[in-house]
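# Coordinates in review
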Amino acid sequence: MLTAVDHVQLAAPPGSEDALRAYYTEVLGMTEIPKPPALAVNGGCWFQAGSVQLHLGIEEAFRPSRKAHPGLRVSGIEAYADRLAAHGATVVWNHDLPGHRRFYSEDPAGNVLEFLEPGR
């Protein structure tokens, strides 16, 4: 029986770790968490905010997905969108999901991220 999502893994190109660290910590406000030594040799980085973990793994032939993405629930979505925009990140609002406010953005590798808040 499934009980929870442990983490979401996204891919990124080689050498992108510094840009990813800046985005996920400074822009999104997540904390970098250490990778186990056996996995750290592969590059990439892991981030956490509360119980949410995003793992960024290095992929040699990386191509960002245009459709697949994590949906990240936030509180205070207007302020959160303003935070991203103030850091130069794109914020594209979408009003197609009934009962939610949501927007999309992209990380420095081009991974699509959806941010949503129930209500309205």
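These figures come from a predicted structure and were not determined experimentally.

Next up on the list: helix α1 (residues 17-27). All of the buried residues in α1 are Glu17, Leu20, Tyr23, Tyr24 and Val27. One side of α1 carries all its buried residues, which in axial view fall inside an arc of 155°. Turned more than 90 degrees from where α1 packs its buried face, Asp18 and Glu26 sit exposed. Those residues of α1 hidden inside the fold are in contact with β1 (8-12), β3 (45-49), β4 (52-58), α3 (77-86), β7 (100-106) and β8 (112-118). Downstream of α1 by a residue or two, glycine 29 has a phi angle that is positive, lying close to 80°.

Let's shift gears to the environment of aspartate 107. Considering the arrangement of structural elements, one finds aspartate 107 in the loop between β7 and β8. Distance from aspartate 107 to valine 27, taken between C-alpha atoms, is 9.7 Å for residues 80 residues apart in sequence. Discounting chain neighbours no more than four positions away, the residues touching aspartate 107 are Leu20, Tyr23, Tyr24, Leu56 and Leu113. A polar contact of 2.9 Å, which involves the side chain of aspartate 107, links it to the backbone nitrogen of alanine 109.

Spatial strand order, β1-β4-β3-β2: four strands in an open sheet with mixed pairing. Unpaired on one side and paired on the other, β1 and β2 (31-33) mark the two borders of the sheet. When the angles between neighbouring strand axes are averaged without regard to direction, this sheet yields 30°.

Rules behind the numbers
Residues numbered from 1 in each chain as written. Predicted model: local features only at pLDDT ≥ 70, side-chain atom pairs only at ≥ 80, totals over all residues. Heavy atoms only, no water. Buried < 20%, exposed > 50% of the residue type's maximum accessible area, 1.4 Å probe, protein only. Helix = DSSP H or I, 4+ residues; strand = E, 2+ residues; numbered from the N terminus. Arc of directions from axis to C-beta. Contact = heavy atoms within 4.5 Å. Polar contact = N/O pair within 3.5 Å; in protein donor to acceptor, adjacent residues only side chain to side chain. Pairing = 2+ DSSP bridges. Axes fitted to C-alpha atoms, helices over the stretch in contact; angles between N-to-C directions.

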